[in-house]
Amino acid sequence: QLVESGGGLVQAGGSLRLSCAASGRTFSSYAMGWFRQAPGKEREFVAVISWSGGSTYYADSVKGRFTISRDNAKNTVVLQMNSLKPEDTAVYYCAADPFGDDTSPHPADFGSWGQGTQVTVSS
């Protein structure tokens, strides 16, 4: 089970820190990703981190502004979002990829999903 938290309303240029808490003993073997979906749009990839944290991959739209990290001892993955823009407004989802070395940006590779947390960036 994956549970996101940390969403909210922020002004453009501000920051938010999203967290995803995972239950289960296999968390450390999974690659973990963040995706987002804005109203009327398809779900899109944001960032992914391998099981060890040694590999990360970002969407071009967030590169240099967002940072993904994980703490396997706490079964947690974090998305630090800085310099937020109105176009970052979306529901953000945490997801787990059973292939831990994978840094796939494809939603179909992720078998478990959280319920999402709303991020709203005002201009």
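Check the entry above for the structure.
Structural notes, computed from the coordinates. (Residues numbered from 1 in each chain as written. Predicted model: local features only at pLDDT ≥ 70, side-chain atom pairs only at ≥ 80, totals over all residues. Heavy atoms only, no water.)

Comments concerning the side chain of Arg-70
Reasoning step 1: Here Arg-70 is to be found in strand 7 (residues 66–71).
Reasoning step 2: Asp-71 is the oppositely charged side chain nearest to the buried, salt-bridge-free Arg-70, at an N-O distance of 8.2 Å.
Reasoning step 3: Within the structure, Arg-70 has its side chain in polar contact with the backbone oxygen of Ser-50 (distance 2.9 Å).
Reasoning step 4: Separated by 3.4 Å, the side chain of Arg-70 and the backbone oxygen of Trp-51 make a polar contact.
Reasoning step 5: Beyond its immediate sequence surroundings of up to four residues, Arg-70 is in contact with Phe-27, Ser-28, Tyr-30, Ala-31, Met-32, Ile-49, Ser-50, Trp-51, Gly-53, Thr-76 and Val-77. (Helix = DSSP H or I, 4+ residues; strand = E, 2+ residues; numbered from the N terminus. Buried < 20%, exposed > 50% of the residue type's maximum accessible area, 1.4 Å probe, protein only. Lys, Arg positive; Asp, Glu negative; His and termini not counted. Salt bridge = Lys/Arg side-chain N within 4 Å of Asp/Glu carboxyl O. Polar contact = N/O pair within 3.5 Å; in protein donor to acceptor, adjacent residues only side chain to side chain. Contact = heavy atoms within 4.5 Å.)

Some remarks on the sheet that holds strand 7
Reasoning step 1: Read across the sheet, four strands follow the order 1-3-8-7 without closing on themselves; strand pairing throughout is antiparallel. Each of the sheet's edge strands pairs with one partner strand only, and the pair in question is strand 1 (2–5) and strand 7. When strand polarity is set aside, the average angle formed by the axes of neighbouring strands in this sheet is 15°.
Reasoning step 2: As paired elements, strand 1 and strand 3 (residues 16–22) share four bridges and run antiparallel to each other. Bridge pairing links Ser-5 to Ser-19 in strand 3. (Pairing = 2+ DSSP bridges. Axes fitted to C-alpha atoms, helices over the stretch in contact; angles between N-to-C directions.)

Regarding the pattern of salt bridges
Pairs may arise between side chains of opposite charge once their charged atoms sit close together.
Reasoning step 1: Within the structure shown, the criterion is met by four salt bridges.
Reasoning step 2: Taking the shortest distance from any N to any O, the salt bridge between Lys-63 and Asp-60 comes out at 3.1 Å.
Reasoning step 3: For Lys-63, a relative accessible area of 48% translates into the label partly exposed.
Reasoning step 4: What makes Asp-60 exposed here is its relative accessible area of 67%.
Reasoning step 5: We note a salt bridge from Arg-65 to Asp-88, for which the minimum N-O separation is 2.8 Å.

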